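# Descriptive analysis of the structure
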Amino acid sequence: MSGPALIAGGGPAGAAAAIALARAGRPPLLLERTREAHDPVCGGFLGWDALASLARLGIDVDALGAHPIRRVRIVAGEHVAEADLPRPAAGLSRRTLDEALLTAATRAGAGVERGVTIRRAEGRTLHLADGSALSAPALFLATGKHELRGLARPARQPRSVGLRATIPAGAALTRALAGTIELHLLDGGYAGLLLQEDGRANLCLSIDPARVEAGGGPALLGALTQEAPLLVERAAGAAGWSAIAGVPYGWLARATEPGLFRLGDQAAVIASLAGDGVAIALAGAGHAAAAWLRHGPAGAPLHQRRFAARAARPLGVAGLARFLAERPALRPAAMALLGLPGALPLLARATRIGAAQ
Ligand SMILES: Cc1cc2nc3c(=O)[nH]c(=O)nc-3n(C[C@H](O)[C@H](O)[C@H](O)COP(=O)(O)OP(=O)(O)OC[C@H]3O[C@@H](n4cnc5c(N)ncnc54)[C@H](O)[C@@H]3O)c2cc1C
């Protein structure tokens, strides 16, 4: 099998791998099903590790208008814990970030084809919606939250529903969220709020599927009036809801077959309240590209094993934080712990994968 490596999916993981391979003189072919800029379900938080990886890829988030974030606020009913983040972070919509990354991939020389849906995979052969098939010596699987038939992740992880909307931020909300990521702890999940580049607030919820009724996001907010009054007040005017089901928090790919490199959410799914999924996607992409360039198909199992070892700590800490945060009975103890000096920055640090190397 010859020809360029194939990349399935053009989110942060796929685009970052495309940039790395093209820069190394081995331009891949990336296939992405969306035709144009879109906003996937994501909180839009970029930690300092994600920012460092993006800078290496030539993405200037300040030039994209990212909202600088220096503080974290956790709200649980009437209890509030707040602290400075260890290092500066940012809020940026995925619509803007993903487009910047795909543009950079094209500029670096990668083939980027949009509006191409991959129906299924058979080993390193991709079957496309138009009936054609493509094969390559290396397949970088970066379909993210979405399973690809033939290579789906096992279904034993606890699965959550993700919801996203934007809120037109008036003066009071802009003041409240200036420089801050705000997390509201809920029974069976959490909601995150931050300001993004267009001045609107990004509202993202991750919640137990049993809590999401037929009415989706608006109905869920309606049901939270007693439990999270401040969140409900902040979310007034939330619109443009989107949702994704079956997010397998805790999934970690430790093995793979030669030539098949799993990236991003196909490699490791960190509890989203940690806000490190994009950083993991970027770091894993660099790791996989280097393994392919150095070892060829044999680099895939090596990459998967080594990257899993690197991701295990942030995933484990984030999973524990999620367990505590989602259970109302444990929440007073968790909030008391988070109120201790240095506890929140320590937690923020322990849930970072680190920058791409
Ligand atoms: C509720 C929630 C909130 C989150 N908040 C944050 C946050 O604030 N900060 C953070 O860092 N992370 C956050 N995350 C995690 C983050 O969204 C993911 O970790 C990140 O998007 C993974 O990037 P990826 O490139 O692997 O996948 P994705 O971003 O999902 O990209 C996959 C791409 O593949 C394409 N694709 C999928 N299937 C096909 C197909 N069959 N054919 C062709 N193309 C296909 C899709 O269109 C998409 O563009 C959150 C996750 C959830 C669920």
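Everything quoted here is computed from the prediction, not taken from an experiment.

## Remarks on helix α7 (residues 277-295)
- Here α7 contains 19 residues, and its C-alpha end-to-end distance of 26 Å stays within 8% of the 27 Å for a straight helix at 1.5 Å per residue.
- One or two residues past the end of α7 sits Gly296, with phi positive at roughly 65 degrees.

## Thoughts on the side chain of Ser93
- Its place among the elements puts Ser93 in the loop between β5 (79-91) and α3 (94-108).
- At 3.2 Å, the side chain of Ser93 and the side chain of Thr96 are in polar contact.

## Remarks on the sheet that holds strand β9 (residues 133-135)
- One open sheet holds the three strands; their spatial order is β7-β8-β9, and the pairing between them is antiparallel. Each edge of the open sheet carries a strand with a single partner, namely β7 (118-122) and β9. In this sheet, neighbouring strand axes are inclined to one another by 20 degrees on average, regardless of whether the strands run parallel or antiparallel.
- Of the strand pairs in this sheet, β7 and strand β8 (residues 125-128) are connected by four bridges, and their pairing is antiparallel. Each bridged residue has a counterpart across the sheet, and for Glu122 the counterpart in β8 is Thr125.

## Section: the UniProt feature "domain: FAD-binding" (unreviewed entry) in the protein
- The positions UniProt marks with the feature "domain: FAD-binding" (unreviewed entry) are residues 5-118.
- The annotated region residues 5-118 carries 32% helix and 32% strand content, and the separation between its end C-alpha atoms amounts to 15 Å.

## Thoughts on the sheet that holds strand β6 (residues 111-114)
- Taking strand neighbours across the sheet as the criterion, the five strands line up as β6-β2-β1-β10-β16 in an open arrangement whose pairing is parallel. Two strands close off the open sheet at either side, each with one partner strand: β6 and β16 (260-262). Put simply, the sheet's adjacent strands are angled 20 degrees from each other on average, direction ignored.
- Sheet analysis places strand β2 (residues 29-32) next to β6, joined by four bridges and oriented parallel. Bridge assignment links Leu29 to a residue of β6, and that residue is Gly111.
- Against the sheet, helix α1 (residues 12-23) makes contact with β1 (6-8), β2 and β10 (139-141), and its axis sits at roughly 165 degrees relative to β1, the strand it touches most.

## Regarding the pairing of strand β12 (residues 180-186)
- For β12, the tally of buried residues reaches seven of seven residues, placing the bulk of the element in the interior.
- As defined by bridge partners, strand β4 (residues 67-76) adjoins β12 across five bridges and the pair is classed as parallel. Among the inter-strand pairings, Arg71 is bridged to a residue of β12, identified as Thr180.
- Where β12 lies against strand β13 (residues 189-195), five bridges are found, and the strand directions are antiparallel. Its bridge partner being in β13, Glu182 is matched across the sheet by Leu193.
- Between β12 and β13, which pair antiparallel and follow one another directly, the connecting turn spans two residues, one of which, Gly188, has a positive phi of 90 degrees.

## Concerning the site of the ligand
- Of all residues adjacent to the ligand, which total 38 residues, the nearest are Glu32, Gly43, Arg94, Asp265 and Val278.
- One of the backbone nitrogen or oxygen atoms of Arg33 is found 3.1 Å away from a nitrogen atom of the ligand.
- In the model, an oxygen atom of the ligand is placed 2.6 Å from a nitrogen or oxygen of the Arg94 side chain.
- When the ligand sits alone it has 1,000 Å² of accessible area, and the protein chains cover 96% of it.
- By residue class, the composition of the shell around the ligand is 17 nonpolar, 15 polar and six charged.

## A short note on the environment of Leu151
- Relative to the helices and strands, Leu151 is located in the loop between β10 and β11 (159-167).
- A residue is classified by how much of its surface remains accessible, and Leu151, at 8% relative accessible area, is buried.
- Considering only alpha carbons, one finds Leu151 and Ile19, 132 residues apart in sequence, at a separation of 24 Å.
- With near-sequence residues (within four places) excluded, Leu151 lies in contact with Ala121, Gly123, Leu139, Leu141, Leu260, Arg262 and Gln266.

## Description of the packing of α7 against helix α8 (residues 299-325)
- The interhelical angle for the contact between α7 and α8, taken along N-to-C directions, is 155 degrees, at an axis separation of 9 Å. Considered as vectors, α7 and α8 are oriented roughly antiparallel to each other. Handedness of the crossing formed by α7 with α8: right-handed. In contact with Ile280, Ala283, Gly284, His287, Ala288, Ala291 and His295 of α7, α8 contributes Gly299, Leu302, His303, Arg306, Phe307, Arg310 and Leu315.

## Here's the deal with the pattern of salt bridges
- Summed over all chains, the structure comprises 16 salt bridges.
- Here Arg159 ties to Glu147 by a salt bridge, and the two come within 3.7 Å at their closest N and O atoms. On the criterion of sequence distance, the pair formed by Arg159 in strand β11 and Glu147 in the loop between β10 and β11 is long-range, its members being 12 residues apart.
- Using a relative accessible area of 27% as the deciding quantity, one classes Arg159 as partly exposed.
- For Arg322, the salt bridge identified is with Glu326, shortest N-O distance 3.0 Å.
- One salt-bridge network, in which partners are shared between bridges, spans Arg71, Arg73, Glu82, Asp84, Glu182 and Arg234.

Here is what the cut-offs are and how they apply
Residues numbered from 1 in each chain as written. Predicted model: local features only at pLDDT ≥ 70, side-chain atom pairs only at ≥ 80, totals over all residues. Heavy atoms only, no water. Helix = DSSP H or I, 4+ residues; strand = E, 2+ residues; numbered from the N terminus. Expected span 1.5 Å × (residues − 1). Polar contact = N/O pair within 3.5 Å; in protein donor to acceptor, adjacent residues only side chain to side chain. Pairing = 2+ DSSP bridges. Axes fitted to C-alpha atoms, helices over the stretch in contact; angles between N-to-C directions. UniProt positions renumbered as here; feature names shortened; annotations may be inferred. Contact = heavy atoms within 4.5 Å. Buried < 20%, exposed > 50% of the residue type's maximum accessible area, 1.4 Å probe, protein only. Near = heavy atom within 4 Å. Areas by Shrake-Rupley, 256 points an atom, 1.4 Å probe, with all protein chains shown as cover. Nonpolar A, V, L, I, M, F, W, Y, C, P; charged D, E, K, R; others polar. Parallel < 35°, antiparallel > 145°, perpendicular 65-115°, else oblique. Left-handed = near helix turned anticlockwise from the far one by under 90°. Salt bridge = Lys/Arg side-chain N within 4 Å of Asp/Glu carboxyl O.

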